[in-house]
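The residues making up each chain are set out below.
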Amino acid sequence: VQVVVESGGGLVQSGGSLRLSCAASGFTLSNYAMSWYRQTPGKERELVAAITNRALSTAYADSVKGRFTVSRDNAKNTMYLQMNSLKPDDTAVYYCNANKRWYGNDLRTMGGPDNVLVSWGQGTQVTVSS
């Protein structure tokens, strides 16, 4: 069974930092691009960061560019999201998934529901207070 498990969320003040982790099981992480997504109540899930299978390229949503950094440790089958300078608008449940193909120049396609490999996990809650 192929699954991903998100962790590392929490409550922080505006301007603070968090590091999220995405642990993969049932597949070899190094074979796939990976992405982080976030979702708030009543809104669609949106891609915020993506990374190629060997970490040679990354892509970010404009809303987080310059503040978030995605990385991966394929030996540990884990992807990370370092979030700095957090804002209240970053409050969301954060999810991760493996991607079927890389569309680094087209984040709409990269983050589409048909470009994920495994079922969605439970996510990890990030809450940023003002």
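For the structure, check the block above.
One structure accompanies this document, and this report is about it.

What counts, and at which threshold
- In this convention, every chain numbers its residues from 1, walking through the sequence in written order.
- It should be noted that, the model being predicted, local features are given only for residues of pLDDT at least 70 and side-chain atom pairs only at 80 or more, the latter also being counted only at that level, while totals for whole chains, interfaces and linings use all residues.
- Only hydrogens and water are set aside; all other atoms, that is, all heavy atoms of the structure, feed into the side-chain values.
- Put simply, two rings from Phe, Tyr or Trp (the six-membered ring, in Trp's case) pair if the centres are within 6.5 Å, and we call them stacked under 30 degrees between planes, edge-to-face over 60, tilted for the rest.
- Here a strand is any run of E in DSSP of at least two residues, a helix any run of H or I of at least four, and the numbering for each starts at the N terminus.
- When accessible area is computed with a 1.4 Å probe and restricted to protein chains, residues below 20% of their type maximum are described as buried, those above 50% as exposed, and intermediate ones as partly exposed.
- We call a charge positioned above a ring when the Lys NZ or Arg CZ atom is no farther than 6 Å from the ring centre and deviates by at most 35 degrees from the ring normal.

**Some words on the packing of aromatic side chains**
In this description, a pair of aromatic rings is defined by centroid distance and the angle of the planes.
Argument step 1. This structure, assessed with the given rule, holds three aromatic pairs.
Argument step 2. Centre to centre, the rings of Tyr37 and Trp120 are 4.9 Å apart; their planes meet at 90°, and the pair counts as edge-to-face. Taken as a pair, Tyr37 in strand E4 (residues 33-39) and Trp120 in the loop between helix H1 (107-110) and strand E10 (124-129) lie far apart in primary sequence, 83 residues in all.
Argument step 3. For Tyr37, a relative accessible area of 1% puts it in the buried group.
Argument step 4. Seen in terms of ring centroids, Tyr95 and Trp120 are 6.1 Å apart; in terms of plane orientation they differ by 75°. Their pairing is edge-to-face. Pair noted here: Tyr95 is in strand E9 (residues 92-99) and Trp120 is in the loop between H1 and E10, with a separation of 25 residues, a long-range link.
Argument step 5. These aromatic residues form a ring-pair network of at least three members: Tyr37, Tyr95 and Trp120.
Argument step 6. Above the ring of Trp120, the side-chain terminus of Arg45 is found at 3.7 Å from the ring centroid.

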